[in-house]
Amino acid sequence: MGFIGDSIDSLKSFSVRHTIEQVITLGMIVSSALIIWKFLMCVTGSESPVVVVLSESMEPAFQRGDILFLRMGEDPIRAGEIVVFNIDRREIPIVHRVIKVHERNDTRYIDVLTKGDNNDQDDRVLYAPGQQWLQHEHIMGRAVGFLPYVGYITIIMTENPIIKYILIGALGLLAITSKD
Amino acid sequence: MHSFGYRANALLTFSLTILALICAMASLSDNLNSPSPTATVQILNVNRFQKKSSGDDEVGLTLDISADLQSLFTWNTKQVFVFLAAEYSTPRNSLNQVSLWDGIIPLKEDAKFSTKTKNKYRFIDQGSNLRGRDFNMTLHWHVMPKTGKMFADKLVLPGFRLPESYR
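Residues numbered from 1 in each chain as written. Chains lettered and ligands numbered in written order. Predicted model: local features only at pLDDT ≥ 70, side-chain atom pairs only at ≥ 80, totals over all residues. Heavy atoms only, no water.

### Considering the overall build of chain B
Here is step 1: Helix and strand content of chain B: one helix and nine strands.
Here is step 2: For chain B, the succession of helices and strands along the chain, N to C, is α-β-β-β-β-β-β-β-β-β.
Here is step 3: Relative to its length of 167 residues, chain B is extended, with a C-alpha radius of gyration of 23 Å against a globular reference of 15 Å.
Here is step 4: When each of the 167 residues of chain B is scored for burial, the buried share is 47%.
Here is step 5: Taking the contacts inside chain B whose residues are at least 6 apart along the sequence as the reference set, 68% of them involve residues at least 24 apart.
Here is step 6: Surface exposure of chain B reaches about 8700 Å², of which carbon and sulfur atoms provide 59%.
Here is step 7: For chain B, the centre of its 19 positive side-chain charges and the centre of its 14 negative side-chain charges are spaced 4 Å apart. (Helix = DSSP H or I, 4+ residues; strand = E, 2+ residues; numbered from the N terminus. Rg over C-alpha atoms; globule rule 2.2 N^0.38 Å. Buried < 20%, exposed > 50% of the residue type's maximum accessible area, 1.4 Å probe, protein only. Contact = heavy atoms within 4.5 Å. Areas by Shrake-Rupley, 256 points an atom, 1.4 Å probe, with all protein chains shown as cover. Lys, Arg positive; Asp, Glu negative; His and termini not counted. Charge placed at Lys NZ, Arg CZ, Asp CG, Glu CD.)

Here it is, written out as structure tokens:
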């Protein structure tokens, strides 16, 4: 393909200034991506504004590979909301539905029980030993919208790291050798 | 400028942009729908009403739930998740919501239903406050689209009361 030929030609003829320009362009692209991500975090009020669904516990609504848009907001947690939460000893956040809410009279303290739609049991088996409820600090956001299938590529990349390296290598090569 | 690589890149970017636009429009079309759902709930029997050894009250109920949720479905709807929650307040907790039953409705035809069932999830209070307690049965639904924004709403059915004494 002429594409690869072009890239190799441009690699052979480089000057210091040209290289610096390419590195700065690459840095700008990475920085803009980071800025957009942080901006989304501010706008949605959640630590992770977008998550990928990893398990089948919310089928048939959410399949593995779907992307969920999250928002935190000030409204209190109510039954039926789909929330994303972290358990102390687990690193992967879980996306399940709230089925029980007990809110104390002083409003800020709230006990929440969650369950995946497709699971038979509630999430007490997933919580830390001795933990019966979730509180406000465990919950990272509420799902408000979703896109099907789009996140599947991140699952592929996580399960086959080789593909991740190949993809990043190819993108890096592309960025460095582009003529503009 | 006209190599395969550039053309493939332009095509991919364009198609992804159009796809995103179509998903957004599909989701926006859901706002045109104005639903008019109806529901009734009856408690057929209080099977069990005890104080557990932990000190918390527990109720076992048999319920008759009928609803017509067909107006919630649009062409962009993947499924409707419906659940029935008992909502009440106690001296200690200003709000308690306990889900008693839930179901998934994948098709519009199944959205008009009537079911007699025991409560799927245990109705347990935090404490012993349920005797003679007034409560609402609230039918909640969550419309999950094929793509885009999810809609949730509820119908409050007040006027239920638990027995004055254990049985």
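### Notes on the overall build of chain A
Here is step 1: Helices and strands together make up the secondary structure of chain A, namely four helices and six strands.
Here is step 2: Its helices and strands taken in sequence order, chain A reads α-α-β-β-β-β-β-β-α-α from the N to the C terminus.
Here is step 3: Of the roughly 10700 Å² of accessible surface on chain A, 64% is carried by carbon and sulfur atoms.

### Describing the confidence of the model for chain A
Here is step 1: On average, residues of chain A score 82 in pLDDT, and 88% of them reach the 70 mark or higher.
Here is step 2: Ranking the elements of chain A by mean pLDDT puts helix H1 (residues 2–12) of chain A last, at 64, and strand S5 (residues 110–115) of chain A first, at 92. (pLDDT = per-residue confidence, 0-100.)

### Digging into the packing of aromatic side chains
Residue and element names in this part refer to chain B.
Here is step 1: Counted by the stated rule, this structure contains eight aromatic pairs over all chains.
Here is step 2: Seen in terms of ring centroids, Trp 101 and Phe 113 are 5.9 Å apart; in terms of plane orientation they differ by 35°. Their pairing is tilted. Here Trp 101, found in strand S4 (residues 93–105), pairs with Phe 113, found in strand S5 (residues 112–118); they are twelve residues apart in sequence, far enough to count as distant. Here the two residues Trp 101 and Phe 113 agree in accessibility, since each one is buried.
Here is step 3: Members of the aromatic cluster, each reached through a chain of ring pairs, are Tyr 88, Phe 123, Phe 135 and Phe 160. (Phe/Tyr/Trp six-rings, centres within 6.5 Å; stacked < 30°, edge-to-face > 60°.)

### Topic: the confidence of the model for chain B
Here is step 1: Per-residue confidence for chain B averages 89 on the pLDDT scale, and 99% of its residues sit at or above 70.
Here is step 2: Across the whole predicted complex the pTM is 0.80, and at the interface the ipTM reaches 0.84.

### A few points about the domain arrangement of chain B
Residues and elements named next belong to chain B.
Here is step 1: Domain parsing of chain B yields domain 1 (1–32) and domain 2 (35–161).
Here is step 2: Look at where the C-alpha atoms of domain 1 and domain 2 centre, and you get two points 41 Å apart.
Here is step 3: Residue-level contacts link six residues of domain 1 with eight residues of domain 2.
Here is step 4: In this assembly, domain 1 packs against domain 2 so that about 560 Å² is buried in total across both faces, 50% of it on carbon and sulfur atoms.
Here is step 5: Inspection of the domain 1/domain 2 interface yields zero salt bridges.
Here is step 6: Summed over the shared surface of domain 1 and domain 2, the result is five residue pairs in polar contact (both at pLDDT 80 or more). (Domains from an automatic or database assignment. Buried area = accessible area lost by both parts, 1.4 Å probe. Salt bridge = Lys/Arg side-chain N within 4 Å of Asp/Glu carboxyl O. Polar contact = N/O pair within 3.5 Å; in protein donor to acceptor, adjacent residues only side chain to side chain.)

### Focus: the nonpolar core
Here is step 1: Core analysis: the biggest nonpolar cluster contains 38 residues, and Phe 62, Leu 68, Ile 77, Ile 82, Phe 85 and Val 112 of chain A have the highest contact counts within it.
Here is step 2: Elements supplying a minimum of two residues to this core: strand S2 (67–71), strand S3 (82–85), strand S4 (94–104), S5 and strand S6 (139–147) of chain A together with strand S3 (77–88) of chain B.
Here is step 3: The element that contributes the greatest number of residues to this core is S4 of chain A, accounting for five residues.
Here is step 4: Apart from residues no more than four positions distant in its own chain, Ile 77 of chain A is found in contact with Met 72, Val 83, Val 98, Val 101, Ile 110, Val 112, His 136, Ile 139 and Arg 142 of chain A.
Here is step 5: Listed in part, the 33 residues of the second largest apolar core include Val 46, Leu 63, Ala 86 and Phe 160 of chain B. (Core = buried A, V, L, I, M, F, W, Y, C linked by side-chain atoms within 4.5 Å.)

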